[in-house]
Protein chains: 2
Amino acid sequence: MIYYLWFMEEENNCIRKEADLNQIKRCRQQIFEAEEVVSTLTDKLSLVSNTTRLKILYVLQAEERLCVCDLSDILNMTIPAVSQHLRKLKDRDFVKAEKEGQTIFYSLRDDHRELLAPFFNLLNHQPETI
Amino acid sequence: MIYYLWFMEEENNCIRKEADLNQIKRCRQQIFEAEEVVSTLTDKLSLVSNTTRLKILYVLQAEERLCVCDLSDILNMTIPAVSQHLRKLKDRDFVKAEKEGQTIFYSLRDDHRELLAPFFNLLNHQPETI
DNA sequence: AAATCATTTAAGCAATTGCTTAAATATAAT
DNA sequence: ATTATATTTAAGCAATTGCTTAAATGATTT
């Protein structure tokens, strides 16, 4: 497997006299190494950065489990709208679904508790500033 | 100032026999109280959940300051593209700009260090799983 | 003063998002 | 079997996002 290390080779375009070429290379390498974690992280954050989905996660944290119909009531939203959000959360392993008769109960998975913890903390303690 | 407490009054639409009306009211109130924090938080997270902007924040954390031209080189992106991201980050107080001649240096502000800390930790330690 | 450099701003556009309504699925009750 | 219930899926659409290119701004050098 051959990796092309563009951050080492590529010509610099920043033509400032004072430009620190070593700094630029260092930053390129830093980003190159973090690339995958950046993708994984932003993928998850873009899920959480939606008010409806954050609210869903927040109430699920407190309530153990809720069905689509409950959430539709709680959020004052259409059932399909809620369902579509839940699907995204399920696809990314934020929640799990358990069928009981014709009702499907959703609950928080443990997978992302660490990522979510600071957000739940903020929401629970309602500080003046974030 | 009169607040209409819809979460107390409003009719329930979830018609399941087993629906726990108290649970639904409790959740509504919980969300009602967190509403503002939810907005503020998702507003910030939606900034961070973009790979380019997270990378900018990440390298700025390590490098103290970088100019638009540097970042354009580092990220292998057009100058206007970077500039537009920086504007968003500046508008939300994630970064500050300092002019020095015709060069504008951007650096991290302290305002959101607490929010960003866990993300920087992940990026620095490159764990197998997030 | 004119040209160069660093950056921003603006207009345009393709891709994505998040809703809506309507139809499909699947389980339960009559 | 038929109807009702709970949910999902799909199609359509307006709003937002993030880029591109071109033009504008403002400081520096010649």
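Everything here concerns the structure above.
Not measured: the values here are computed from a predicted model.

Visitor: Would you mind going over unusual backbone geometry with me for this structure?
Guide: It is generally the case that most residues other than glycine have a negative phi and that most peptide bonds are trans. Residues and elements named next belong to chain B. For Glu-64, which is not glycine, the phi dihedral falls at a positive 70°. Within the fold, Glu-64 resides in the loop between helix H3 (51-63) and strand E1 (66-67). Residue classification places Glu-64 among the exposed positions, given that 10 C-beta atoms sit within 10 Å. Even without a glycine there, the phi angle at Asp-93 is positive, about 65°. Here Asp-93 shows up in the loop between helix H5 (79-91) and strand E2 (95-100).

Visitor: What should I look at first to understand the protein's contact with DNA strand D in this one?
Guide: Around DNA strand D, the structure places 25 residues, and the nearest of them are A:Cys67, A:Cys69, A:Pro80, A:Ser83 and B:Thr78. Broken down by secondary-structure element, the contributors of at least two residues to the surface near DNA strand D are helix H4 (68-75), helix H5 (79-91) and strand E3 (103-108) of chain A together with H5 of chain B. Residue composition of the surface near DNA strand D, by class: 12 nonpolar, 11 polar and 2 charged.

Visitor: I keep staring at helix H2 (residues 21-48) of chain B and nothing clicks. Help me out?
Guide: The periodicity of an α-helix, 3.6 residues per turn, causes residues three or four positions apart to be oriented the same way. Of all the bends found along H2(B), the most pronounced is centred on B:Ala34 and spans about 55°. Listing the buried residues of H2(B) in full gives B:Ile24, B:Cys27, B:Arg28, B:Ile31, B:Ala34, B:Leu41, B:Thr42, B:Leu47 and B:Val48.

Visitor: What is the right way to look at the interface of chain A and chain B in this model?
Guide: Frequently, the measure chosen for interface size is the accessible area that the parts lose on association. Listed by partner, the interface residues are 45 residues for chain A and 45 residues for chain B. At the level of secondary structure, the elements contributing two or more residues to the side of chain A that touches chain B comprise helix H2 (21-48), helix H3 (51-63), H4 and helix H6 (113-125) of chain A. When residues in the side of chain A that touches chain B are grouped by element, the largest group, 18 residues, is from H2(A). Split into classes, the residues belonging to the side of chain A that touches chain B amount to 23 nonpolar, 14 polar and 8 charged.

Visitor: Sorry if this is basic, but what is going on with the protein's contact with DNA strand C here?
Guide: Taken together, 25 residues sit near DNA strand C, with A:Thr78, B:Cys67, B:Cys69, B:Pro80 and B:Ser83 positioned nearest. Of all elements in the fold, only H5 of chain A together with helix H4 (68-75), H5 and strand E3 (103-108) of chain B reach the threshold of two or more residues within the surface near DNA strand C. Looking at the surface near DNA strand C element by element, the count peaks at 6 residues for H5(B). Broken down by class, the residue content of the surface near DNA strand C amounts to 12 nonpolar, 11 polar and 2 charged.

Reading the values: rules and limits
- Residues numbered from 1 in each chain as written.
- Chains lettered and ligands numbered in written order.
- Predicted model: local features only at pLDDT ≥ 70, side-chain atom pairs only at ≥ 80, totals over all residues.
- Helix = DSSP H or I, 4+ residues; strand = E, 2+ residues; numbered from the N terminus.
- Buried ≥ 20, exposed ≤ 12 C-beta atoms within 10 Å, placed from the backbone.
- Near = placed C-beta within 6 Å.
- Nonpolar A, V, L, I, M, F, W, Y, C, P; charged D, E, K, R; others polar.
- Bend = angle between axes of the 7 residues up to and from the residue.
- Contact = placed C-beta atoms within 7 Å.

Coordinates in, geometry out; function isn't part of it.
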